[in-house]
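What the coordinates show
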Amino acid sequence: MEYNFREIEKKWRQRWVSQKTYQVTEDKNRQKFYVLNMFPYPSGAGLHVGHPLGYIASDIYARYKRLQGFNVLNPMGYDAYGLPAEQYAIQTGQHPAITTEANINRYREQLDKIGFSFDWSREVRTCEPGYYHWTQWAFQKMFESFYSQAPLSSPEGETSAKKASARPIEELIAYFEKNGTEGLDRFGVACSPLGESEGTFTASEWNAMSEVEKQQVLMNYRIAYLGETMVNWCPELGTVLANDEVIDGVSARGGFPVVQKRMKQWCLRVSAYAQRLLDGLETINWTESLKETQRNWIGRSEGAEMQFKVANSDIEFTIFTTRADTIFGVTFMVLAPESELVKQLTTSEQQAAVDEYLSYVKKRTERDRISDRKVTGVFSGSYAINPFTGEEIPVWISEYVLAGYGTGAIMAVPAHDSRDYAFARHFNLPIIPLIEGADVSEESFDAKEGIVMNSPATGKQALDDFSLNGLTVKEAIAATKAFVASHNLGRVKVNYRLRDAIFSRQRYWGEPFPVYYKDGMPQMIPEECLPLELPEVDKFLPTETGEPPLGNAKRWAWDTKTNSVVDNSAIDNQTVFPLELNTMPGFAGSSAYYLRYMDPHNDQALISPEADQYWQNVDLYVGGSEHATGHLIYSRFWNKFLFDLGVSCKEEPFQKLVNQGMIQGRSNFVYRIKEGCPLPASPKGEEDGPWFVSLGQSEKYDVTPLHVDVNIVKNDVLDLEAFKAWRPEYANANFIFEDGSNSLSPLGETEGAQYVCGWAVEKMSKSMFNVVNPDMIVEKFGADTLRLYEMFLGPVEQAKPWDTNGIDGSHRFLKKFWNMFWSKDALAVTDDEPTAAELKSLHKLIKKVTEDIEMFSYNTSIPAFMIATNELTALKCTKRAILEPMVVLIAPFAPHIAEELWEALGHETSVCDAQWPDFNEKYLIEDTVKMMVAFNGKTRFGIDFPADADNATIEAAARNHELTTKYLEDKQIVKVIIVPKRMINIVMK
RNA sequence: GCGCUUGUGGUGGAAUUGGUAGACACGCCAGACUUAGGAUCUGGUGCCGCGAGGCGUGUAGGUUCGAGUCCUAUCAGGCGUACCA
């Protein structure tokens with residue numbers, strides 16, 4: 001019987017739907033396994049062949065786990081909010097919901113053809129009210145929470161059994177009512193950076209505050225808060241962007257310039273969770289490189305904050321340093337241009353120079369700073385006093401100090417910091433070396449090693465006779481920290497690079513905030529009124545007054561009497577208030593979708609405790625590594641917050657994570673001969689077309705390489721007729737072939753002359769004509785072939801180019817596999833007892849495939865299938881005891897063909913409910929075992945032993961072997977080494 | 001600059017704790033069959049050499065009876081990050 005993949009695949013696609021084969025329910029009697037793919041953004045271009053790679057890999061794993069008896073959750077959905085649909089809406093007026101719906105349908109159609117075991121009854125879409133209900137809900141909870149290292153009720157604060165957690169803001173309010181801010185620092189409460197004056201108040205001061213004042217104070221502590229921060233503003237897109245959405249100073253989407261701007265924005269206090277995000281990495285099974293990326297992004301650094309007084313003034317300021325030991329080498333201080341201190345410390349003589357510098361800095365974009373790293377700065381006119389020596393140190397202002405990290409001010413130690421060194425050299429400031437033997441005449445000595453000197457310099461004296469001379473750097477750092485703490489000069493401090501996430505976007509196509517404004521302060525709409533649905537607008541652009549697109553909505557006001565959305569005209573700021581105009585960013589909807597899959601239709605809660613208890617967290621998460629510092633940080637944060645709330649029972653959402661590598665395109669080129677370059681033949685008389693030369697001949701001509709559609713090239717040989725039809729201007733094209741002949745030579749072209757294209761690996765994109773569409777492959781070869789080939793292409797984690805050429809091999813294999821079962825049009829399978837050779841083939845395969853799937857290295861299982869199939873075909877094996885397990889083994893990889901064969905073998909249930917075959921080692925034992933014996937540096941092989949021989953027998957036999965004996969007699973033996981080959985290892989066990 | 005990562009035939013890639021490097025597939029070559037195909041089947045295919053033989057895992061050393069695998073140095077590519085004090 002012929003392998004008719006089209007019919008088979010169609011049949012099983014329908015059957016899986018009608019029999020609900022992949023729907024799962026919580027089943028307490030079976031162990032759960034949760035497989036998850038990063039859900040896609042449904043773009044207009046549809047899927048290309050690279051998209052399904054990770055889905056196939058995880059689908060194989062999901063099917064394998066199911067065959068092993070697990071209750072497998074393998075859901076899919078759409079990250080449906082996003083910029084492209086909105087940009088398209090702006091250009092065409094088409095509502096993004098319509099575009100998105102159309103794209104989703106296209107995605108679904110494509111996905112359905114590949115045979116995934118997704119439970120579509122659990123599909124989620126981030127843009128649906130039933131889904132974003134819970135995004136809004138979580139946001140409200142964050143607004144109503146603050147974060148502290150210990151419960152405020154514990155009397156000892158930090159010294160008590162710590163439990164860092166988000167807590168209801170009411171706890172903080174109760175504390176303020178009783179104590180003000182007195183003693184609050186014992187509890188490690190996370191808050192926005194505050195000045196001395198606004199940060200402290202007494203209980204009676206708190207109680208005397210107006211409601212608005214209280215709200216303003218609380219805003220500094222909420223986990224979701226409205227904060228005035230420097231943001232990445234993208235004028236072209238008219239919105240702010242998160243740090244991970246900005247690459248090289250331009251927007252990740254669109255590549256538009258990004259500038260720094262001070263704006264009031266919703267923020268999430270991700271930084272409060274920095275330490276837990278760092279610690280959590282130790283408990284999860286991710287690749288080391290990805291964990292390292294997150295560690296760097298979190299950027300923990302231990303150091304000290306130190307106070308510096310300003311000479312002739314009562315101003316004091318704080319700096320952060322990890323090299324407290326270099327205090328005696330400080331020769332100047334530097335402030336960030338955006339620092340509040342700049343205003344206070346600039347003297348009247350320097351005012352003009354400073355103003356000029358600040359306006360220069362303001363003009364520079366992020367991109368300028370990156371591209372030219374020149375040394376710039378200006379003297380403020382003020383001097384700071386070194387707390388250890390009393391010396392006066394000039395205070396400078398320079399853009400190399402960042403306002404957003406540490407305190408926005410540093411002590412500069414040019415001898416031991418390369419940035420300070422460059423600055424000192426440029427402005428001719430003194431450089432004092434502090435490490436014995438360090439040569440700082442050409443560059444700074446940044447390493448944290450060596451013996452300290454000049455601390456203080458000979459003949460000078462420091463506060464309390466403090467000295468670091470003679471200590472190692474490590475000892476000096478510790479000693480200085482201790483001294484700083486004991487003399488009240490500052491405190492030991494851990495800083496994180498991780499910033500709070502900016503959570504507002506000035507866009508239409510996103511989750512609306514469930515927030516209205518009363519007296520300028522945000523208020524949450526009542527929880528039972530969620531979801532607050534996205535309003536309709538006429539235009540998707542910002543309003544004329546520069547408000548976000550929601551400013552165009554006519555019905556976007558909140559009536560607190562009826563608790564409903566009403567017309568803007570009703571706004572009276574008494575009972576009807578304006579609603580928030582910003583929307584949430586892309587990462588909002590993707591931050592907890594894995595929880596929603598567990599209980600997608602629950603309209604009472606994000607997830608029921610029962611569903612959460614059963615599914616717990618994701619066992620295997622598959623997706624691209626480009627989300628390392630975005631989604632994978634935010635969702636870990638989000639999940640930790642929900643964990644603190646008791647909503648999620650696991651602190652880490654994704655236990656194991658595999659990054660699938662990108663599939664690149666393989667572009668083909670033709671070489672067009674430039675005008676004026678001598679040609680091999682003259683025109684035929686008709687209108688002469690352009691000339692193209694084959695790769696091997698192209699060096700002889702002056703050519704321009706041009707991309708050519710990979711779909712009209714086979715094995716790098718151009719299909720000439722298809723090429724002529726591809727573009728009207730190529731209709732009369734002439735060719736010089738690989739063998740040097742040409743299409744216009746008087747004798748005609750040589751028989752078999754070919755035009756060979758060049759090739760290169762590039763990104764898969766329309767403009768390079770190298771996009772390969774999975775539908776086409778499925779149409780030609782079938783979904784099972786596509787699945788097999790995608791896995792065969794190489795390790796899942798590695799980036800690799802797509803090359804359709806090799807796909808025949810996978811298809812041929814499936815045909816061979818199919819043919820094992822059939823003789824003419826009848827099933828050939830018999831119930832005979834299998835032979836030892838047949839059992840060996842089967843069990844070798846079981847072992848290999850089981851191990852491979854566990855290790856996620858499918859690319860080596862496919863060859864194992866091919867070898868086993870070839871072996872069994874050669875043995876003419878048609879025995880059920882061999883072939884039936886083979887069907888189960890291949891089911892995760894090629895589910896359609898497996899179902900068809902399973903049914904042909906007489907089974908009434910789906911192959912999905914079969915049992916994964918057990919591996920038995922006894923079938924693998926060899927009859928004989930080869931040994932290797934090494935003589936005088938040369939290894940010899942070829943001593944055979946019975947397979948059941950034990951170690952001692954083998955060694956004795958080897959020693960008695962005639963060769964061995966001869967060498968022993970000649971005393972030329974250095975060593976006799978007996979190396980069991982792998983088969984022996986099995987015997988030994 | 002820093003961090004991570006990868007270097008194996010014409011190509012994608014195999015090679016378990018160090019143990020016959022190049023599995024399997026593509027491509028290529030030869031042959032068979034034929035309804036002449038983008039079909040199927042068989043055999044061959046790392047490089048040099050007629051041959052025996054020699055050389056081969058980015059490069060140079062080292063450890064070892066034995067190294068793709070371990071160590072040291074170095075070169076090249078990929079990814080991430082960017083003045084984080």
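Throughout what follows, the structure given in this document is the object of discussion. The model shown is predicted, which means the values in this text are computed figures rather than measured ones.

**Observations regarding the sheet that holds strand 9 (residues 259-268)**
Read across the sheet, four strands follow the order 6-5-9-17 without closing on themselves; strand pairing throughout is antiparallel. The open sheet is flanked by strand 6 (239-241) and strand 17 (501-502), the only strands paired with a single partner. Note: strand 9 against strand 17, two bridges, orientation antiparallel. Residue pairing in the sheet places Cys 267 in a bridge with Ile 502 of strand 17.

**Details of the side chain of Asp 59**
Within the fold, Asp 59 resides in helix 2 (residues 52-67). Judged by relative accessible area, Asp 59 falls into the buried class, the value being 0%. In this structure the side chain of Asp 59 is engaged in a polar contact, spanning 2.8 Å, whose partner is the side chain of Arg 63. When neighbours within four sequence positions are excluded, Asp 59 is seen to be in contact with Asn 74, Gly 115, Phe 116, Ser 117 and Arg 787.

**Considerations on the environment of Ala 479**
Position of Ala 479 among the secondary structure elements: in helix 16 (residues 473-486). It is 44 Å that separates the C-alpha atoms of Ala 479 and Lys 141, two residues lying 338 residues apart in sequence. Residues within four places of Ala 479 in sequence aside, it is in contact with Phe 466, Leu 468 and Leu 471.

**Thoughts on the sheet that holds strand 22 (residues 576-578)**
An order of 21-20-22 is seen for the three strands of this open sheet, with the pairing classed as antiparallel. Both edges of this open sheet fall to strand 21 (564-566) and strand 22, since each of them pairs with a single strand only. Within the sheet, the average angular offset between the axes of one strand and its neighbour, ignoring direction, is 40°. Across three bridges, the pairing between strand 20 (residues 557-559) and strand 22 is antiparallel. Pairing of Asp 559 across the sheet is with Val 576, part of strand 22.

**Points about the packing of aromatic side chains**
Counting across every chain of the model gives 74 aromatic pairs. With a centroid separation of 5.7 Å and 80° between ring planes, the pair formed by Tyr 175 and Phe 187 is classed as edge-to-face. Here Phe 187 lies in the loop between helix 6 (169-179) and helix 7 (196-199) and Tyr 175 lies in helix 6, a separation of twelve residues in the sequence. Assessed through its relative accessible area of 7%, Tyr 175 is described here as buried. With relative accessibility at 1%, the residue Phe 187 sits in the buried group. On the basis of an interplanar angle of 45° and a centroid distance of 5.2 Å, the ring pair of Phe 856 and Tyr 858 is categorised as tilted. Here the two residues Phe 856 and Tyr 858 agree in accessibility, since each one is buried. Through a chain of ring-to-ring contacts, three or more aromatic side chains come together here, namely Phe 33, Tyr 61, Tyr 64, Phe 70, Phe 813, Phe 817, Phe 821, Phe 856, Tyr 858, Phe 865, Phe 893 and Trp 916. The ring centre of Tyr 225 lies 4.0 Å from the NZ or CZ of Arg 269, which sits over that ring.

What counts as what
- Residues numbered from 1 in each chain as written.
- Chains lettered and ligands numbered in written order.
- Predicted model: local features only at pLDDT ≥ 70, side-chain atom pairs only at ≥ 80, totals over all residues.
- Heavy atoms only, no water.
- Pairing = 2+ DSSP bridges.
- Helix = DSSP H or I, 4+ residues; strand = E, 2+ residues; numbered from the N terminus.
- Buried < 20%, exposed > 50% of the residue type's maximum accessible area, 1.4 Å probe, protein only.
- Polar contact = N/O pair within 3.5 Å; in protein donor to acceptor, adjacent residues only side chain to side chain.
- Contact = heavy atoms within 4.5 Å.
- Axes fitted to C-alpha atoms, helices over the stretch in contact; angles between N-to-C directions.
- Phe/Tyr/Trp six-rings, centres within 6.5 Å; stacked < 30°, edge-to-face > 60°.
- Lys NZ or Arg CZ within 6 Å of the ring centre and 35° of its normal.

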